[in-house]
Amino acid sequence: MGLGAPTGLVDTRAEYQHVFDIYVPIAIGVFALIVIATLLAVLVYRRRPPERAARWYEHDRLEGGYALLLVATVAFLLYITFTAEHRVDTVAARERPGLVVNVTGSKWEWHFNYPAYGIDLYSGAVGRQDLVVPTGEAIRFRLTSVDVIHAFWIPQLRYKHDLIPGSVQDSTLTFSRRGVFAGQCAEFCGLLHSDMIFDVRALSPAEFTTWARSQQAAGGGAA
Amino acid sequence: MRGGAIPLLAWACLLAVLMAGNWVWTGDAIQVGAFGFAVLVIVLAAAWLVATHRGAIRRGPPEPPPPGRAEAAPDLSFAAVLAAIAVASILFGLTWAYFLVYFGGGLLILSLGRLALEVQAARASRELHESRSLPDSAEQERGP
Amino acid sequence: MSATAPAVTTVSRASSVFGAAASTDHKRIGLNMGLASLVFFLGGGVMALLMRTQLAQPHMQFVSDATYNELFTMHGSTMIFLFVTPMAMALAIYLVPLQIGASSIAAPRMVLAAFWIWLSGGIIMQLGWLTQEGAGRSGWFAYVPLSNSANTPGVGQDLWTVGVILAAAGLTIIGGCVLATIARRRAPGMSVMRMPVFTWTQLVSALMVVGSFPVLILAMALLYAERLGAHVFIGYSGAIDYQDLFWFFGHPVVYVMFFPFLGAAAEVIAVNAHKRWFGYAAFVASMLAFAALSMSVWSHHMFTTGGVTNQYFAFTSTALVVPAGVEYFDMIATLIGGSILLRTSMLFALGFFLQFLIGGLSGIFIASPVLDYHAEDSYMIVAHFHYTLFAGSVFGFFAGIYHWFPKVTGARLREGLGRLHFVLLLIGTNMTFLPMFFLGNYGMPRRIADYPSHPGWGTLNLLETAGAGVIALAVATFLVNVVVSLRHRDAAGEDPWLGHTLEWATSSPPPRHNFERALPPITSYAPLLDLRQRAADRNGAAMTRVPAGRAGLGPTPQEDAP
Ligand SMILES: [Cu+2]
């Protein structure tokens, strides 16, 4: 999924996949090349009398050319990375969000507040409520923490951002597909860090509206 | 000893370039500060090398040691070990048992005093050695 | 200096436990530091085994969450502050004076004191285990505000902080002494551009130590003040400032833990290929650039904080490709045309380069902020740095041990046990750390005492735990090898491997002042190889100047003009 996001919104998962699909094949290719070259050299030049070892030890031009190739590779990788990062960090932040969710981390619990609907949900060491979101819309998560640093990570979206006390930082994310996805705190935050988990339930916009209405009717608390 | 300061200066230059890049690109005071500290330490180390030995910024192999120059080295130094333990017990005492701070402080003074005596004795024995040695004995200092 | 130089103290040297502990002989200090680091390595390894047991399956509860948090904190702190970094420095203390033809290290008393300061720090850090609240438990980078006294109360975390200060102080002083030794104590003839490759790697890492470790000491002192109640790191900017200060040390230290072992592996490869290290000048230039760049990448640990300029750090981090690539080029070009012996040390050196490659390439991956937004603080990171530090540095360390053990002890390690050690370690390492890449990509965060039973997670984790057991077996094999080799000595002589550098031009172990005979002429960074090649030329053996693969079979007698 991902690449076929229905809207022009920034899809973090697709951006990740795009960069991944360039970086990883290059890395695997380089790895294979170096391993093969090394093993081949070892096999070919194994166990000859020491006197037969060659005496050359330098080739500046060859090495300089190789370094230039490396510089070009770096430039290419950075171009790929910077364009993708521009979209994830800058373009996404400019989008008009369909929904704003205040995300507050505390030891060891997530608090999701929907200001437009007056809904509050909690997940973590003391129980589990899903973070419910609509698909196909930009969602602005306003991230903060009341005690220590936590990190808001949704592996499905290939994205995380830290929740740092004393700041509110925005992350604009889009879910392009319905489903239930795992989320968790990624920055070690003390004793029950591993319990600081939540599920995201992505609904179609219509389903989301129905859900939100029912929540409001129920008083905003329980799921 | 020639050449000793050149790698330091070369490296400090590289670091300064990266620091300048950081300054322009991020403008972050604490980052530039940390960078600046590192550059400063290396430049000061190089300056110390040059100050104690003019040849340190010239290229080439070190020249042979000056004739008649001896070096006195101790085989053992309990004072150095005690000074280390004194420092450790001061810091340990801060967290655990305050009396260790006083104990460490006292030990530190004693061991530094002992170290000073060691250094003095080393200098005395070197001077004695130099006054007695033949001119060519120094040639063997480094096992030529 | 010669043996006739007057000694100050009258106590006979190293004749007792006290003598060994207070000796100012750099070889004794280096050995003591190496042995102490090895003990910490075994301790850190036990912590790792306990963690892997806990994670073998979901919901094991083998240890409590609190204990688990102490375990990973202390595992990381032990391995970094008390094993890999000091082991790299122990190699410097022992070998650098020998390699540059010096009779002693600069400021031996300072090195001795620094060793004891470091060791005290290590012991104080571990004393936390005995306290009521337990040892340090806010991770090896102890981010504020988690590490302040409100969020992590107790003496154990104080002891951790003080321990880090002392360990770092000791290491900083040693770094300075190594730097001074290289600058001031080179033998006549050894210009900077004739220093051995290993010495160069130690020089650049000493530069990084003196440039960055004091910043850690500052950060830890401020953290200690914060824990005592001072308000130092306040709010968001305080949290970011702490991270900046910590990682300004915390990333360079990664290279301090890498360069010396790169140098060790390079020496081993050159010696076992009977060919000098290829591209010396380019290697030196790339090491300087490598070290400078690696001082400038630290905030790639902070890509997800929103508090740093990600692009600058993505730029510097990715640029590391260039110097790293040059080292690999040199490694392969050294092998080509050589005559290669696959001794145990060589196996470990090749293992170092090829496995580190996985760590290095995954490092380029996470240098991209977009990829790091997913990988950060996940098991992908754990996999990445264990490939650099374990599959890399530890393999390089073992390469160095098998190579220099005869120099230090006078006896060779057993080759058969050595090969078994290598194979076990190779299997164990990859079994343990390769699955972590996949788990991280599936979404497993690091530092969790328990994990959800998603499909496949239990299996991969079990595989890792089994791999950790294989690593333990490999380390046990190594210890057996050491004991056997010291009990039934296979005398090595001065130069068992046809070494290239000056440490092989003296007895094994070297005498108190290192060289009792005249040093050979220092004509390049491989003076002993020069000597052998000149002798071969005089004897008229055919020495080809083209890649030897094209030469005929075996040496052909040939008359050279003398
Ligand atoms: Cu958390």
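Above this note sits the structure.
Computed from a predicted structure; not experimentally measured.

On to the pairing of strand 8 (residues 159-163) of chain A, then. Residues and elements named next belong to chain A. In terms of burial, strand 8 is a largely internal element, 5 of the 5 residues being buried. Taken together, the 5 bridges between strand 7 (residues 150-154) and strand 8 define a ladder with antiparallel strand orientation. Residue pairing for strand 8: I154 is matched across the bridge by Y159. What sits between the antiparallel neighbours strand 7 and strand 8 is a turn of 4 residues, in which R158 has the positive phi angle 55 degrees.

A few words on the pattern of salt bridges. Using the criterion set out here, one finds 18 salt bridges over all chains in the structure. In this structure, R109 of chain C engages E118 of chain B in a salt bridge whose closest nitrogen and oxygen atoms are separated by 2.7 Å. Linking R109 of chain C in helix 4 (residues 108-127) with E118 of chain B in helix 4 (residues 99-132), this pair reaches from one chain into another. Each of the two residues, R109 of chain C as well as E118 of chain B, counts as buried. Its salt-bridge partner being E464 of chain C, residue R52 of chain C comes within 2.9 Å of it at the nearest N-O pair. Remark: E464 of chain C occurs in helix 17 (residues 457-487) and R52 of chain C occurs in helix 2 (residues 26-54); sequence separation between them is 412 residues. A cluster of three or more residues bridged by salt bridges with shared partners is formed by D75 of chain B together with D25, K27 and R512 of chain C.

To continue, consider the coordination of the copper ion. The reference angle at a metal is 109.5 degrees if four donors form a tetrahedron and 90 or 180 degrees if six donors form an octahedron. Residues and elements named next belong to chain A. Looking at the copper ion, one finds its protein donor set to be H150 (ND1), C185 (SG), C189 (SG) and M196 (SD), positioned 2.0 to 2.6 Å from the metal centre. Coordination at the copper ion is tetrahedral: its 4 donor atoms span angles of 90 to 126 degrees at the metal. Along the chain, the residues donating to the copper ion fall in the pattern H-x34-C-x3-C-x6-M. Note that H150 is positioned in strand 7 and C189 in the loop between strand 10 (179-185) and strand 11 (197-203), a separation of 39 residues in sequence. For the pair formed by H150 and C189, the shared burial category is buried.

Core analysis: the largest hydrophobic core is formed by 293 residues, its most contacted members being Y114, F141 and F152 of chain A. The biggest single contributor to this core is helix 3 (residues 65-99) of chain C, with 21 residues. If sequence neighbours within four positions are ignored, F141 of chain A has contacts with V101, V103, L131, V133, F152, Q169, D170, S171, L173 and F175 of chain A.

With that out of the way, let us pick up the interface of chain B and chain C. Counting residues at the interface gives 63 residues for chain B and 80 residues for chain C. Surface buried jointly by chain B and chain C totals about 6000 Å² across both partners, of which 72% is contributed by carbon and sulfur atoms. Looking at the side of chain B facing chain C, the largest losses of area belong to W11, D75 and L76 of chain B, adding up to 12% of the total buried there. For the interface between chain B and chain C, the tally reads 2 salt bridges. At the level of secondary structure, the elements contributing two or more residues to the side of chain B that touches chain C comprise helix 1 (6-26), helix 2 (29-52), helix 3 (78-95) and helix 4 of chain B. The residue inventory of the side of chain B that touches chain C, partitioned by class, reads 39 nonpolar, 15 polar and 9 charged.

All names here are of chain A. Relative to strand 10, strand 7 is paired through 2 bridges, and the arrangement is antiparallel. From the neighbouring strand, W153 faces strand 10, where its bridge partner is Q184. The sheet contact formed by strand 10 and strand 11 spans 6 bridges and is antiparallel. Within the sheet, the bridge partner assigned to V180 lies in strand 11 and is R201.

Rules and cut-offs
- Residues numbered from 1 in each chain as written.
- Chains lettered and ligands numbered in written order.
- Predicted model: local features only at pLDDT ≥ 70, side-chain atom pairs only at ≥ 80, totals over all residues.
- Heavy atoms only, no water.
- Buried < 20%, exposed > 50% of the residue type's maximum accessible area, 1.4 Å probe, protein only.
- Helix = DSSP H or I, 4+ residues; strand = E, 2+ residues; numbered from the N terminus.
- Pairing = 2+ DSSP bridges.
- Salt bridge = Lys/Arg side-chain N within 4 Å of Asp/Glu carboxyl O.
- Donors = N, O, S within 2.8 Å, 3.2 Å for Na, K, Ca; no water.
- Tetrahedral: all angles 85-135°; square planar, octahedral: opposite > 155°, others 65-115°.
- Core = buried A, V, L, I, M, F, W, Y, C linked by side-chain atoms within 4.5 Å.
- Contact = heavy atoms within 4.5 Å.
- Buried area = accessible area lost by both parts, 1.4 Å probe.
- Nonpolar A, V, L, I, M, F, W, Y, C, P; charged D, E, K, R; others polar.

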